[in-house]
Amino acid sequence: MNERRNKLVSILLNNMPMLLFVLLLIAFGAIAPESLQYQNIENAFKQASYIGIVAIGMTFVLLTGGIDLSVGSNMYVSAVIAGLAMQRYSVGAGPALLLCLVVGAVFGTINAIAVTKLRILPFVATLAMMVSGRGVGLMFSKSRAVAFPDPVTGLGSAELFSLLPYPIVIFALVVGGAALLLHRTQLGRQIYALGYDKEVARKAGINADRVQAAAYILCGLFAALGGFVSVVQLGNVNAGFGKGDEFDAIAAAVLGGVSLFGGVGRVFPGVVLGAVFIQAISIGLVSAQVDLYLHPLITAAVIFSAVLADSLRNTYLKKLSRRNIRLEV
Amino acid sequence: MTRSALEFDRVSKSFFGVAALSDVTLSIPEGCLLGLIGENGAGKSTLMNALAGVITPDQGTMRLFGVPFHPTCPADATRAGIAFIHQELNLFSNLSVVDNLYIDGFPRLCRLPIIDKRKAYRQAAELLTAVDLCLSPATPIELLTPGERQLVEIAKALGRNARIIIFDEPTTSLTAAERSKLFQVIDNLRREGRTIIYISHSLDDVLRLADTIAVLRDGKLVSTGPGDQYSANRMVADMVGREIAQMYPARASAPGPESVLDVKSLTQPGMIKDISFTLHEGEVLGVFGLMGSGRSELARIVYGLDPFKSGSIRVRGTDAGAPSPIRSIRNGVAFVTENRRQEGLLMEAPVSENIDLSSLRRYARYGSARIIDRRAALKAARQMAESLQIKSGSIDRHRAKHLSGGNQQKVVIAKWLLTDPGILILDEPTRGIDVGAKYELYSIINDLASRGTAILYISSELEELTGMCDRILVMSNGEIQAQFRHSEFDQESVLQAAFRGRTTANQTEANGEN
């Protein structure tokens, strides 16, 4: 009896993000039934795709126990450089994407060097990159919006086999790739090990610096890709592009069950769900015509509940795993 | 004549001018089990760290199977076939057994950077069978008991074809059943021709296992020879440099009449039931129980770390109220936990900060600004360190993690003594510390009792309790089963009481209190 209740509570707490998601859908359905149309759901996924890609990159870093605050600036710089290359040197879409990814990886490499070689705390190192990265981007763009040419932005609304929008397809590929990397390669398992304890990892013969560097480089790469996917949908890169996205990415990962202490969390379904969740809230609020000023408060309340559930779950699991000495009848 | 697996030749190392190892020359034949003993700080860890490539000796050479060996990092030692099974296990508890076994070298799927899951599982299952551990390689480490984790570490060593395996205090957190299983596995390893270095303070274990024994003291090798030439007495004499005639210092005082701690029908479902006892001024009251008897849980509840459902705790006649550690400190209750590394010390902080930690409010100056008078705090810490004879470099710079186990425990006690506790709760205070330091601790406890401090002494070592206490309470199944006065101490009846009330359900490896 008691055991059954304990099991129920732990199932509930383990699936808190999912549960909140369902509750939210029900709430929207009740207030504004029209918000649950297929089109809105597809939009939620489409808009979630870019933040989801960035959040997956962020997940690598969070799993090592670090944090990357510079992804928003990274998105900006890499998109600006790719956009200018297309505008001025009429580079094609493919090479532009490649250039964008290279810039993102370089950005991530600088973070990696600061964290592993110069031993600067990730929070501080990536904060500095957030500020200076945006500065470099603005130098290139002269603070003006950079428009991507038509054929590229056409991709944003194009659909694969006129069924699935390209952003969602790319998102799905990234999810599959990241899950494969985390669970089926040595690097992935070592990222989890590093997040558990860096010192223990080093003693176990893991090249801790290399693994940590890889996480930051991958994060930079995925940030640039996420930025590109976003611009393809928006059409141009304005001076505020990417600002605040680092926090959405962190929120998506944490909503999806990634621990800020490192070592715990999964890309699928966790982070994917987290990213869709955040977009679904804003789409739902718009179509339910909720007061605009209330949007941030409601989003915050949902994130807060998810994180609260996570902490409740940890205390509860600790209590459960504590062995009873006496068998009480 | 078998060849030498490992030779140390005049190895010396000093830190900041203090010799940690001087001129150690030792040769270990292949397939032999060497029992390495010595007090904390005698140089055992330094010697092993030299072997592991963590430190480089100042002088001397090492040879591995006759070949000169100069490791510069832990990976060098691993490659050379040396595996360490540490006291604190180095496993990732967020990962599965198979991940832990292959974390630095997974089998790959036809040279792709993809893990060959099937092969990894099959090999892992074989290794687990070799150490007699029946569980799925997919089990997360966090679900394993300390004994099972130890076996996983050994499986990991086997997976790397380790020819030399070093065990450092492997039995401290094991139950009796797990311990005998470990010994069986160790015997098997030796039969396969692997060379083993076994470091322990448990002299009985060393006598039971070792082919050869080596004793270190103050960085020097003081004696070595075949295991059957050693007795517990000789080992102690060699380690300490003198015969310890008596393990326990004599008590000069008797308990006073005044009761300082009154516990009445304390109950917490699933933990303890109906616990009542009175602790008097200057009394050393022992609490004995096997693992899982509820002894440590009782200590945590009395100190206020865990809640209780019914009953009362009165300190000096007044109700202690809702228990919390802060309340307890104000009431003059101090708690030395059984787990000093994780719960008792700030390992990265200097010794002096650790000592001052619980009495900082006393050095707060300038009214409500409460700025700490660092000089006064340091002075108090220094006095305390001197009176307990803590062996450390300059205490305001030397970090707690660099002290030996016995000295760390003294730091924890110093911290509490500085708060002038009327009641001191000690949970396994001598776990993992050496003979000499134990004796010093016993003397400190006697001295405190003679000055009127009431002491609740929790231990799983019966001999220690009979040597130290005025009374002993015996717990099992979360209840007090019996009570013995000093004149009635009798090991057999105490043990009988301790086994009473243990149902078959919790008799199976009742472990995992930590």
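In this numbering scheme, every chain counts its residues from 1 along its sequence in written order. Throughout, the order in which chains and ligands are written sets their labels, letters from A for the former and numbers from 1 for the latter. Local features in this predicted model are restricted to residues whose pLDDT is 70 or higher, and side-chain atom pairs enter the listing and the counts only when it is 80 or higher, whereas totals over whole chains, interfaces and linings include all residues. No hydrogens and no water enter the side-chain calculation; it runs on all heavy atoms of the structure.

Some remarks on the overall build of chain A
Piece 1. Of the regular secondary structure elements, chain A holds 14 helices and 4 strands.
Piece 2. Two things to know: the radius of gyration comes from C-alpha atoms, and the globule rule equals 2.2 Å times the number of residues to the power 0.38. Over its C-alpha atoms chain A spans a radius of gyration of 21 Å, differing by no more than 12% from the 20 Å that the globule rule assigns to 329 residues.
Piece 3. Based on the C-alpha atoms only, the size of chain A along its principal axes is roughly 80 × 55 × 40 Å.
Piece 4. For chain A, the accessible surface area stands at approximately 15,700 Å², while carbon and sulfur atoms represent 68% of it. Secondary structure elements follow DSSP: runs of H or I no shorter than four residues count as helices, runs of E no shorter than two count as strands, and numbering proceeds from the N terminus. Only the protein chains shown count as covering a residue, and every accessible area follows the Shrake-Rupley method with a 1.4 Å probe.

A word on the overall build of chain B
Piece 1. Secondary structure summary: chain B contains 18 helices and 22 strands in total.
Piece 2. For 514 residues, the compact-globule estimate of 2.2 N^0.38 gives 24 Å, and chain B sits close to it at 25 Å.
Piece 3. Its C-alpha atoms put chain B at 70 × 55 × 55 Å along the principal axes.
Piece 4. Note on exposure labels: buried denotes an accessible area under 20% of the residue type's maximum, exposed denotes more than 50%, and partly exposed covers the range between, all computed with a 1.4 Å probe on protein chains only. Here chain B, with 514 residues, has 54% of them falling under the buried criterion.
Piece 5. It only takes one pair of heavy atoms within 4.5 Å for two residues to be counted as in contact. Counting only contacts in chain B whose residues sit at least 6 apart along the sequence, the fraction spanning at least 24 positions is 66%.
Piece 6. Taken as a whole, chain B presents about 22,600 Å² of accessible surface, with 49% of it coming from carbon and sulfur.

What about the pattern of salt bridges?
Residues and elements named next belong to chain B.
Piece 1. Salt-bridge detection follows one rule: a side-chain nitrogen of Lys or Arg within 4 Å of a carboxyl oxygen of Asp or Glu. Considering all chains together, one arrives at 25 salt bridges over all chains under this definition.
Piece 2. Salt-bridge contacts for aspartate 104 lead to arginine 160; the nearest nitrogen and oxygen are separated by 3.0 Å. Within this pair, whereas aspartate 104 is found in the loop between α3 (97-102) and α4 (117-130), its partner arginine 160 is found in the loop between α5 (146-159) and β7 (164-168), the two being separated by 56 residues in sequence.
Piece 3. Taking the relative accessible area as the measure of exposure, aspartate 104 reaches 29% and is therefore partly exposed.
Piece 4. One salt bridge in this structure joins arginine 471 and glutamate 283, with 2.8 Å as the shortest N-O distance. Here the residue arginine 471 occupies a position in strand β21 (residues 471-476), and glutamate 283 occupies one in the loop between β12 (272-280) and β13 (284-288), the gap between them amounting to 188 residues.
Piece 5. The network of salt bridges with shared partners includes Asp187, Arg190, Arg208 and Asp211.

Some remarks on the nonpolar core
Piece 1. Here, the term nonpolar core denotes a set of buried Ala, Val, Leu, Ile, Met, Phe, Trp, Tyr and Cys residues that are joined through side-chain atoms within 4.5 Å. One finds A:Ile56, A:Phe60, A:Val237, B:Phe92, B:Ile154, B:Phe167 and B:Ile186 to be the most contacted residues of the largest nonpolar core, which totals 141 residues.
Piece 2. If one sorts the elements of this core by residue count, helix α11 (residues 208-234) of chain A sits on top with 15 residues.
Piece 3. Membership of the second largest hydrophobic core comes to 80 residues, among which are B:Phe277, B:Ala380, B:Leu426 and B:Ala437.

Comments concerning the sheet that holds strand β19 (residues 423-427) of chain B
All names here are of chain B.
Piece 1. Here 6 strands make up an open sheet; going across it, the order is β16-β19-β20-β13-β21-β22 and the pairing mixed. Looking along the sheet, the strands with just one partner apiece sit at the ends: β16 (333-336) and β22 (479-485). Neighbour to neighbour, the strand axes of the sheet diverge by 20° on average, direction disregarded.
Piece 2. Judged from the 4 bridges that link them, β13 and β21 form a sheet pairing that is parallel. Within β21, the position partnered with valine 287 by the bridge is leucine 473.
Piece 3. Along the sheet face, helix α9 (residues 295-303) touches β13, β16, β19, β20 (454-459) and β21 and points at about 145° away from the line of β16. Here, a strand pair is defined by DSSP locating no fewer than two bridges between the strands. Where helices are involved, their axes are fitted lines through C-alpha atoms of the stretch in contact, as for all axes, and angles between N-to-C directions lie from 0 to 180°.

Some points on the sheet that holds strand β11 (residues 259-268) of chain B
Residue and element names in this part refer to chain B.
Piece 1. With respect to topology, 4 strands assemble into an open sheet ordered β12-β11-β14-β15, the strand pairing being antiparallel. The open sheet has two edge strands with one neighbour each: β12 and β15 (318-319).
Piece 2. Bridge analysis of β11 against strand β14 (residues 310-315) gives 5 bridges, and the strand direction is antiparallel. The residue bridging aspartate 262 from the neighbouring strand is arginine 314, located in β14.
Piece 3. Packed onto the sheet, α9 meets β11, β12 and β14 and runs at close to 115° relative to β11.

Brief notes about the domain arrangement of chain B
Residue and element names in this part refer to chain B.
Piece 1. Segment limits for the domains were obtained from an automatic or database-derived domain assignment. Domain boundaries assigned for chain B yield domain 1 (4-240) and domain 2 (259-332 + 421-507).
Piece 2. The C-alpha-based centres of domain 1 and domain 2 are spaced at 35 Å.
Piece 3. Taken residue by residue, the interface counts 8 residues in domain 1 and 7 residues in domain 2.
Piece 4. Inspection of the region where domain 1 meets domain 2 yields 0 salt bridges.
Piece 5. N or O atoms within 3.5 Å of each other form a polar contact, as long as, within protein, one can give a hydrogen and the other can take it, and as long as residues adjacent in sequence are counted only when both atoms are side-chain atoms. Applying the counting criterion to the domain 1 and domain 2 interface returns 0 residue pairs in polar contact (both at pLDDT 80 or more).
Piece 6. Taken together, the residues of the side of domain 1 that touches domain 2 break down into 3 nonpolar, 4 polar and 1 charged. Each residue is assigned to one of three groups, with Ala, Val, Leu, Ile, Met, Phe, Trp, Tyr, Cys and Pro labelled nonpolar, Asp, Glu, Lys and Arg labelled charged, and all others, Gly among them, labelled polar.

Structural notes on the environment of B:Arg3
All names here are of chain B.
Piece 1. Structurally, arginine 3 can be placed in the segment before β1 (4-15).
Piece 2. Sequence-wise, arginine 3 and serine 27 are 24 residues apart; in three dimensions their C-alpha atoms are separated by 9.7 Å.
Piece 3. Contacts of arginine 3, omitting those with residues within four sequence positions, involve Pro29, Glu30 and Phe65.

Focus: unusual backbone geometry
Working note: non-glycine residues mostly have negative phi, and peptide bonds are mostly trans.
Piece 1. Along the chain, A:Phe268 connects to A:Pro269 via a cis peptide bond; the corresponding omega equals 0°.
Piece 2. With respect to the helices and strands, the residue A:Pro269 is situated in helix α13 (residues 267-287).
Piece 3. For B:Arg316, which is not glycine, the phi dihedral falls at a positive 50°.
Piece 4. Relative to the elements of secondary structure, B:Arg316 occurs in the loop between β14 and β15.
Piece 5. Here B:Arg316 falls in the partly exposed class, since its relative accessible area comes to 43%.
Piece 6. Within the chain, B:Asp420 stands out as a residue other than glycine whose phi angle is a positive 55°.
Piece 7. Along the chain, B:Asp420 falls in the loop between α14 (405-417) and β19.
Piece 8. Assessed through its relative accessible area of 60%, B:Asp420 is described here as exposed.

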